[in-house]
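# Results of the structural survey
Here are the chains, one letter per residue:
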Amino acid sequence: MSERYSVDSNGSHASHPPYHSSPDASSTQRLLAEETPLKTEQSLLKTTLTNVFWVLMWYMFATVLSVYNKWMFSAEHYNFQFPLFVTTMHMVVQSVFAGVTLLMVPSLQAKKTPTSREYIFKIFPCAMATSLDIGLSNLSLKTITLSFYTMCKSSTLAFVLMFAFAFKLEAPTAKLILIILIITTGVVLMVSDETEFVWTGFLQVMTASVCGGLRWGLTEVLLRKESMGLTNPFVSIFFLAPVQALILVVLSGGIEGYGTIFRSAFFMTFQDAMATMGIILLGGIFAFFMIMSEFFLIKRTSVVTLSVCGILKEVATIAVSSAVFGDRLTLINTVGLVITLLGICLYNWMKIRMRTVHTPQEHAMEDLSAGSHHDGDPKLFYTMVAESTPILMVDGAMTSFRDSVENSRHQNEHEGYELH
């Protein structure tokens, strides 16, 4: 076996024995190989538990918020008859919390901000639609059950698709039109056999669903405009919620009357006023933390997880409503609900299938061939029926934010490797 030679400091050749891997090195490699699967399992377990935590947080805050709204406005319970005033205060709370979050986490701050023209002609219409959606939703809870409200609000997706067609966010196809018809059929069945049907509440919640469809469409347009900087829910709330609060201040004053509000039994004494405001502000905190849970859930997982969880959330809300408020579902109600959820499932399945089948380049080619013009890559959006959320959790926007964070991390790691 040949020997290796090197030159020592005085220029003479020195021989070295052939290189052999030491026993210590091989045992270390063997130990590392054994530890790798264990670390992978631990990492998977940690990730799963974290995701489950955020799902449970989302469910908890969303369900508590729904029950809170019904309890707050129902004549059989707290009987606070001024839902527009309550919604105004919720917008104020969310504005403050969003601002504090952006101050504490600078990485979430927008790199760009909307111009005054964009604020007036783009953000204001979206804020108006959102204010009407949330305000009318809360108004309807004064007269209809939470279960019936949740079933009617599940029709929002049908209106979302209609406005998506109008804004050219979606191309009308036979499949999408079929989904609209399926959801409509389900809603008709749910409504036809409602045992506690109230026309006023029904018209309010269905008008809220129409406004919700408009709201989601306008928000999708906003989030596709990357130049506006609305890249995550906290920035969106920071810009949208103050406008929504101002709109609701006007609506509440005109419809409910501030004289009537502050002369009611809820504000008779200072102690009564403080207790009432505390209860009102608590709902705004619930809404903000629900949004935060949604954000971290979709940031850590995917639109598939959120789609499944969103559908189960609707079922969970109806189940909790039946347990807490004694709401009853007839057989036809249940069949209608199942048909509506089927339509939502088909829409989610179709969107997820499109994401897995087509590449981003193919989507871009399809957009160009259709003559559509977007600022940036085309984004497939997923709509959740989250009636108290003041922004749309858009798959494209959330995925873009998550990808930008991951790309930055990978780039830093790559630079670190190059330095070594």
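Relevant structure appears above.
Residues numbered from 1 in each chain as written. Predicted model: local features only at pLDDT ≥ 70, side-chain atom pairs only at ≥ 80, totals over all residues. Heavy atoms only, no water.

## Considering the overall build of the protein chain
If you tally the helices and strands in the protein chain, you get 14 helices and two strands. Across the 420 residues in the protein chain, those meeting the buried criterion constitute 47%. Residue pairs in contact within the protein chain that sit at least 24 positions apart in sequence constitute 81% of those at least 6 positions apart. Of the roughly 21,200 Å² of accessible surface on the protein chain, 67% is carried by carbon and sulfur atoms. (Helix = DSSP H or I, 4+ residues; strand = E, 2+ residues; numbered from the N terminus. Buried < 20%, exposed > 50% of the residue type's maximum accessible area, 1.4 Å probe, protein only. Contact = heavy atoms within 4.5 Å. Areas by Shrake-Rupley, 256 points an atom, 1.4 Å probe, with all protein chains shown as cover.)

## Quick notes on the pattern of salt bridges
Going through the model one piece at a time under the given rule, you end up with two salt bridges. Across the pair aspartate 133 and lysine 153 runs a salt bridge whose closest N-O atoms are separated by 2.6 Å. Taken together, the residues aspartate 133 in helix H3 (residues 116-140) and lysine 153 in helix H4 (residues 146-153) connect sequence positions 20 residues apart. In this pair, the class of aspartate 133 matches that of lysine 153, namely buried. Each of the salt bridges in this network shares a partner with another, and the network as a whole consists of Asp133, Lys153 and Arg215. (Salt bridge = Lys/Arg side-chain N within 4 Å of Asp/Glu carboxyl O.)

## Some points on the environment of valine 52
With respect to the secondary-structure elements, valine 52 resides in helix H1 (residues 23-73). Sequence separation between valine 52 and leucine 297 is 245 residues, and the spatial gap between their C-alpha atoms is 8.9 Å.

## Brief notes about the environment of asparagine 333
Counting through the fold element by element, asparagine 333 comes out in helix H12 (residues 331-357). Classification of asparagine 333 by relative accessible area gives buried; the value is 0%. Spatially, the C-alpha atoms of asparagine 333 and leucine 189 are 6.3 Å apart, while their sequence positions differ by 144 residues. Non-local contacts of asparagine 333, meaning those with residues more than four positions away in its chain, are made with Met151, Leu189, Met190, Asp193, Glu194 and Arg328.

## A closer look at unusual backbone geometry
One non-glycine residue with positive phi stands out, namely asparagine 79, at about 60 degrees. In this fold, asparagine 79 is placed in the loop between H1 and helix H2 (83-104). Given the relative accessible area of 30%, asparagine 79 is considered partly exposed. Phi is positive for lysine 168, close to 60 degrees, though the residue is something other than glycine. With respect to the helices and strands, lysine 168 occurs in the loop between helix H5 (156-166) and helix H6 (174-192). Accessibility expressed as a relative area gives 66% for lysine 168, which makes it exposed.

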